Amino acid sequence: MRKQDVDYSLYLVTDSTPAILGTKDICQVVEAALKGGVTCVQYRDKKSETGALIETARKLHAITKKYHVPLLINDRVDVALAVECEGVHIGQDDMTLVTARKSLGQDAIIGVTVSTLEELDTACRGGADYVGIGTVFATATKDDTKHIIGIEGVQQMLFYLSSSRSKVKSVCIGGINAANASQVMWQSMAKQKTLDGVAVVSAIVAAEDPEAAAKDLTRLIKTPPAFATHVKAEEQYRSAEILELVPEIIRAVHEKKPLSHNMTNLVVQNIAANVALNVGASPIMANYGEEAKDLAALGGALVVNMGTVTPEGLENYLKAIKAYNKAGQPIVYDPVGAGATEVRRSATKRILGAGYIDVIKGNQSEIVSCTPDGAQLQQRGVDSGPTGTDYNVAKLSSVVRDLATLRKNVVVMTGTTDYVTNGKTVYAVGNGHEYLGMVTGTGCCLGTTISAMIAAYPQDKLAATIAGLLHYEIAAELAAERDDVRGPGTFVPAFLDELYRIRLATVQGDLAWLKRAN
Ligand code: 3NM
Ligand code: MG
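Residues numbered from 1 in each chain as written. Chains lettered and ligands numbered in written order. Predicted model: local features only at pLDDT ≥ 70, side-chain atom pairs only at ≥ 80, totals over all residues. Heavy atoms only, no water.

So what exactly am I meant to see when it comes to the overall build of the chain here?
Within the chain, the regular secondary structure consists of 20 helices and 16 strands. Its C-alpha radius of gyration of 26 Å places the chain within 12% of the 24 Å reference for a compact globule of 518 residues. Seen along its three principal axes, the alpha-carbon backbone of the chain occupies a region of about 90 × 45 × 40 Å. Within the chain, buried positions represent 58% of all 518 residues. Pairs at least 24 residues apart make up 69% of the contacts formed inside the chain by residues separated by at least 6 positions. For the chain, the computed accessible surface area is about 21900 Å², with 51% contributed by carbon and sulfur atoms. Between the centroid of the 52 positive side chains of the chain and the centroid of its 57 negative side chains there is a distance of 3 Å. (Helix = DSSP H or I, 4+ residues; strand = E, 2+ residues; numbered from the N terminus. Rg over C-alpha atoms; globule rule 2.2 N^0.38 Å. Buried < 20%, exposed > 50% of the residue type's maximum accessible area, 1.4 Å probe, protein only. Contact = heavy atoms within 4.5 Å. Areas by Shrake-Rupley, 256 points an atom, 1.4 Å probe, with all protein chains shown as cover. Lys, Arg positive; Asp, Glu negative; His and termini not counted. Charge placed at Lys NZ, Arg CZ, Asp CG, Glu CD.)

Can you help me understand helix H19 (residues 461–480) in this one?
For an α-helix, the turn length of 3.6 residues means that residues three or four places apart are oriented alike. In this model H19 runs 28 Å from its N-terminal to its C-terminal C-alpha over 20 residues, within 8% of the 28 Å that 1.5 Å per residue would give. Of all 20 residues in H19, 19 are buried; the element is thus mostly enclosed. At the N-terminal boundary of H19, the capping side chain belongs to Asp460, with an oxygen 3.3 Å from the backbone nitrogen of Leu462. (Expected span 1.5 Å × (residues − 1). Polar contact = N/O pair within 3.5 Å; in protein donor to acceptor, adjacent residues only side chain to side chain.)

Mind showing me how you'd approach the site of ligand 1 here?
Lining the immediate surroundings of ligand 1 are 13 residues, of which Thr135, Thr139, Thr141, Gly175 and Ser202 lie closest. At 2.9 Å, a backbone N or O of Val201 approaches an oxygen atom of ligand 1. Within the side chain of Ser202, an N or O atom sits 2.5 Å from an oxygen atom of ligand 1. When isolated, ligand 1 has an accessible area of 420 Å², and the protein chains bury 95% of it. (Near = heavy atom within 4 Å.)

Sorry if this is basic, but what is going on with the nonpolar core here?
Proteins that are soluble and globular tend to have nonpolar side chains buried together. Counting 76 residues, the largest nonpolar core has Leu10, Tyr11, Val38, Ile133, Cys172 and Ile204 as the members making the most contacts within it. Examining the composition of this core, we find that six residues originate from one element, helix H2 (residues 26–36), more than from any other. When neighbours within four sequence positions are excluded, Ile133 is seen to be in contact with Val114, Ile149, Val154, Met157, Ser170, Val171, Cys172, Ile173 and Leu195. (Core = buried A, V, L, I, M, F, W, Y, C linked by side-chain atoms within 4.5 Å.)

Would you mind going over the environment of Gly337 with me for this structure?
Here Gly337 is to be found in the loop between strand S12 (331–334) and helix H15 (342–354). With a relative accessible area of 0%, Gly337 lands in the buried category. For Gly337 and Thr448, which are 111 residues apart along the polypeptide, the C-alpha to C-alpha distance reads 17 Å.

How do you make sense of the sheet that holds strand S3 (residues 71–74) when you look at a structure like this?
The strands that make up a sheet pair up through hydrogen bonds in the backbone, lying either parallel or antiparallel. Pairing within the closed barrel is parallel, and its eight strands lie in the order S1-S2-S3-S4-S5-S6-S7-S8. On average, each strand axis in the sheet is inclined to that of its neighbour by 25°, with strand direction left out of account. In this structure, S3 lies alongside strand S4 (residues 87–90), joined through three bridges in parallel fashion. From the neighbouring strand, Asn74 faces S4, where its bridge partner is His89. Set on the sheet, helix H5 (residues 97–104) makes contact with S4 and strand S5 (109–114); between it and S5 the angle comes to about 165°. Docked against the sheet, helix H6 (residues 117–125) engages S5 and strand S6 (130–133), running at close to 165° with respect to S5. (Pairing = 2+ DSSP bridges. Axes fitted to C-alpha atoms, helices over the stretch in contact; angles between N-to-C directions.)

Quick question: what am I supposed to make of the environment of Phe137 here?
Mapped onto the fold, Phe137 is located in the loop between S6 and helix H7 (150–163). Separated by 37 residues in the primary sequence, Phe137 and Gly174 place their C-alpha atoms 5.3 Å from one another. With near-sequence residues (within four places) excluded, Phe137 lies in contact with Ile148, Ile151, Gly174, Gly175, Ile176, Asn180, Val184 and Gly353.

What is the right way to look at H15 in this model?
Relative to the 18 Å expected for 13 residues at 1.5 Å per residue, H15 spans 18 Å between its end C-alpha atoms, a close match to the ideal helical length. Residues of H15 that are buried include every one of Arg344, Arg345, Ala347, Thr348, Ile351, Leu352 and Ala354, and no others. Against strand S11 (301–305), helix H14 (311–327), S12, strand S13 (359–363), helix H16 (364–370) and helix H17 (393–407) lie the buried residues of H15.

Got a minute to help me understand the pattern of salt bridges in this structure?
In this structure the tally under the stated criterion is 24 salt bridges. Between Asp121 and Arg125 there is a salt bridge, with the nearest N and O atoms lying 2.9 Å from each other. Here Arg125 and Asp121 lie together in helix H6, a separation of four residues that amounts to about one turn. On the basis of relative accessibility, which here comes to 68%, the residue Arg125 falls in the exposed class. A salt bridge links Lys142 to Asp144; the shortest N-O distance between them is 3.5 Å. (Salt bridge = Lys/Arg side-chain N within 4 Å of Asp/Glu carboxyl O.)

Would you take a moment to explain the pairing of S4 for this structure?
The side chains of a regular strand alternate between both faces of the sheet. Both faces of S4 are covered, namely the face carrying Gly87 and His89 and the face carrying Val88 and Ile90. You can see the chain leave S3, run along helix H4 (residues 77–83) and come back into S4, and the turn it takes is right-handed. As defined by bridge partners, S4 adjoins S5 across four bridges and the pair is classed as parallel. Its bridge partner lying in S5, Val88 is registered against Ile110. What joins S4 to S5 is H5, and the crossover it makes is right-handed. (Right-handed = clockwise from strand over helix to strand, strands pointing away.)

Is there a simple way to explain the packing of H2 against helix H3 (residues 50–66) in this structure?
A pair of packed helices is characterised by two quantities: the angle between their axes and the separation of those axes. Two elements in contact, H2 and H3, have axes separated by 10 Å at closest approach and are oriented at 20°. In this view, H2 runs roughly parallel relative to H3, as classed from their interaxial angle. Along this stretch, H2 crosses H3, giving a crossing that reads as right-handed. When H2 is examined against H3, the residues Ile26, Cys27, Val30, Glu31 and Leu34 are found in contact with a partner set consisting of Thr56, Lys59, Leu60, Ile63, Thr64 and Lys66. Class assignment for the residues of the contact of H2 with H3 results in six nonpolar, two polar and three charged. (Parallel < 35°, antiparallel > 145°, perpendicular 65-115°, else oblique. Left-handed = near helix turned anticlockwise from the far one by under 90°. Nonpolar A, V, L, I, M, F, W, Y, C, P; charged D, E, K, R; others polar.)

Honestly, the packing of aromatic side chains in this entry has me stumped. Any pointers?
One pair of aromatic rings is described through two measures. These are the centre distance and the angle between the planes. Counted according to the given criterion, the structure contains six aromatic pairs. When the centroid spacing of 5.0 Å and the interplanar angle of 40° are considered together, the rings of Tyr8 and Tyr130 count as tilted. Taken together, the residues span a long stretch of sequence, with Tyr8 in the segment before strand S1 (10–13) and Tyr130 in strand S6 at a distance of 122 residues. Each of the two residues, Tyr8 as well as Tyr130, counts as buried. Clustering of aromatic rings is evident, with ring pairs tying together Tyr435, Tyr472, Phe491 and Phe495. (Phe/Tyr/Trp six-rings, centres within 6.5 Å; stacked < 30°, edge-to-face > 60°.)

Have a look at this one:
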């Protein structure tokens, strides 16, 4: 087998410790895994003596050869030489790539563990055949992991490989299993460059049936996750084209009456439920994560609103996100006050790391706090802008665009002008009224409105999000202008009226309200 032709798609790393291998026989596990579809095997044993290592490696090589799959040895060039297997995998604390290459020659496969861009660069320049990118998620299998890099970290590495037109192959490692494999493959993609595969230890070695586990993983890494099916990443509209879709989207909400499942804060539950009803959705305010599985099956959308986050609440959000991702139903995340406290910053990280979010909606500082380098930014209160930063329109546009590109989703940054993008064009929406800022919960209710739109119109979440913004903000304008509205207090009931009236008018074909879109 030529080393350039090696298939890294399901890369098994072995572990001989009782905690993972149990009482199973390592050779039987590897053979079962190969039957299940494993395409590359690394023998990793940090404890055994050299003699025993060589003996086991020899047996494993006899097995992998039958399946035409390469066997690599972790760290030990001497063992690889002794058994004449296909190569080695070296970590950052092991012997250098140059030394290993000298000993093994050009035809050997040499892989290197990388967790920073610097290490990746060194590995590429040094002639690595592939890199093992990690640690993606915290894992009990390796207790001395240095960096947990998340899917975002993997994506940065792929971005580098793509930009440098590198031919070095890549797999990622750390906490990969059947629940996240397809998501990791899809979400880490950068500039059309995908991982060549995933590397797993416990997902196969600790499995009761390693063959079935490998089969399952083989299928999952080739299948896009449920939530990816409706993403039109390439979509780009002229503004007028989006406006043409708006009535269709509002009608879809009216006809489907989608579930809007709100996990929201105590302040806004009542008004959010009323807003959902009047835009035509069916609201449920359910903060208990265990319910999410059943609710996700009803075909609606989830709103995760971090307004009054608690440790228990956070665990509930994470459960619900997993359930909605699994069902392929959309999620809106409202990172209320994301930068205000350490608790919220870390909650945001966990929420964004827990799964795929279809739409992130927040004010300037909240959106900035969701960006990889914005996590440091301090925020004064839940409604303030980023401090010490002079954000002009160009900067705001690039912040939302970069975040949407990174997340492969839709990002909405609200303000006097709202910015919406799926990572391509940034659309500015200038509608709304100052009364929205004088009543509590109106930002949160926009998240609820968007959830109704994307649940009813999942085939185009960008257009659905913009439809939600226009419906919502034009209703505010119409309400504020009414004679019976004399301030923020009388505004609230009038606003609910106008949300309702816009929906009915649209269903009846009266689109006069939409002429106010700007
Ligand atoms: N290397 P599991 S993480 C062997 O980050 C190894 O370099 C890692 O085990 C790294 O698939 C890891 O059971 C263990 O999470 C991965
Ligand atoms: Mg090592």
